[in-house]
Amino acid sequence: MGSTSPESLVPGRVLISEGELATRVGELGASITADYADRAPLLVGVLKGAFMFMSDLARAVDLPVEFDFMAVSSYGHSTRSSGVVRIVKDLDLDLADRDVILVEDIIDSGLTLGYLRKILMSRNPASLEVCALLVRDSDDYDEATLRYVGFRVPDDFLVGYGLDVAERFRNLTEIRVLDQAAEPTEDAGPGS
């Protein structure tokens, strides 16, 4: 089995530029501001991939917002989902009677999103919506669960703006398609 070390992986062509990201995040923030005009939503970010998006999104929302974070794993050390989702870091805040917006970096199969929605709904929020920066073109998830969507993207391996491979390239200011001579090794992490 051929393997590719993380050092031989390089960010490829720009899929979504820094300017396009800023514009769309601003639009999402304006939509959230209008929809929650008389409320203070709680933004729940899914670590690590959503941290950059959530930071910019929070600044684009012209309301008092609170933050909390969860970390989940459905990948282990692979680039493909194992099909099993587990909570690695749970929330610190109580969700009861709160207006919650789950902030995701990318929706692939919808497995993680379905799991998180079920867990969060069991905690009795007043409302629960989803804001996803990127959504794969797929029929694997329920579109009705996505209130705010940044971009529809193809089934390429993406890096940048929080997305990584083996913890690398999260700091890129744009989203790029990863160039690779071969499939990443099992040590290469997922996009989130």
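Right, let's get into the pattern of salt bridges. Enumeration according to the criterion identifies 17 salt bridges in this entry. The residue Glu174 makes a salt bridge to Arg176 at a minimum N-O spacing of 2.8 Å. On the basis of relative accessibility, which here comes to 22%, the residue Arg176 falls in the partly exposed class. Each of Lys48, Asp164, Glu167 and Arg170 takes part in one network of salt bridges that share partners.

Okay, the nonpolar core next. Core analysis: the largest hydrophobic core is formed by 29 residues, its most contacted members being Phe53, Leu57, Leu133, Leu134 and Ile175. For this core, the elements supplying multiple residues, two or more each, are helix H1 (18-35), helix H2 (51-60), strand E5 (99-107), strand E6 (127-136), strand E7 (148-153) and strand E9 (175-179). When neighbours within four sequence positions are excluded, Ile175 is seen to be in contact with Arg13, Val14, Leu15, Ile16, Leu21, Leu133, Leu134, Leu158, Val159, Gly160, Tyr161 and Leu163.

This part takes up the sheet that holds strand E3 (residues 66-73). The strand order across the open sheet formed by 6 strands is E4-E3-E2-E5-E6-E7, and the pairing between neighbours is mixed. Among the strands making up the open sheet, the edge pair consists of strand E4 (86-89) and E7. The average angle at which neighbouring strand axes cross in this sheet is 30°, direction not considered. Of the strands in this sheet, strand E2 (42-47), E3, E5 and E6 are in contact with H2, which crosses E2 at around 160°.

Criteria and cut-off values
Residues numbered from 1 in each chain as written. Predicted model: local features only at pLDDT ≥ 70, side-chain atom pairs only at ≥ 80, totals over all residues. Heavy atoms only, no water. Salt bridge = Lys/Arg side-chain N within 4 Å of Asp/Glu carboxyl O. Buried < 20%, exposed > 50% of the residue type's maximum accessible area, 1.4 Å probe, protein only. Core = buried A, V, L, I, M, F, W, Y, C linked by side-chain atoms within 4.5 Å. Helix = DSSP H or I, 4+ residues; strand = E, 2+ residues; numbered from the N terminus. Contact = heavy atoms within 4.5 Å. Pairing = 2+ DSSP bridges. Axes fitted to C-alpha atoms, helices over the stretch in contact; angles between N-to-C directions.

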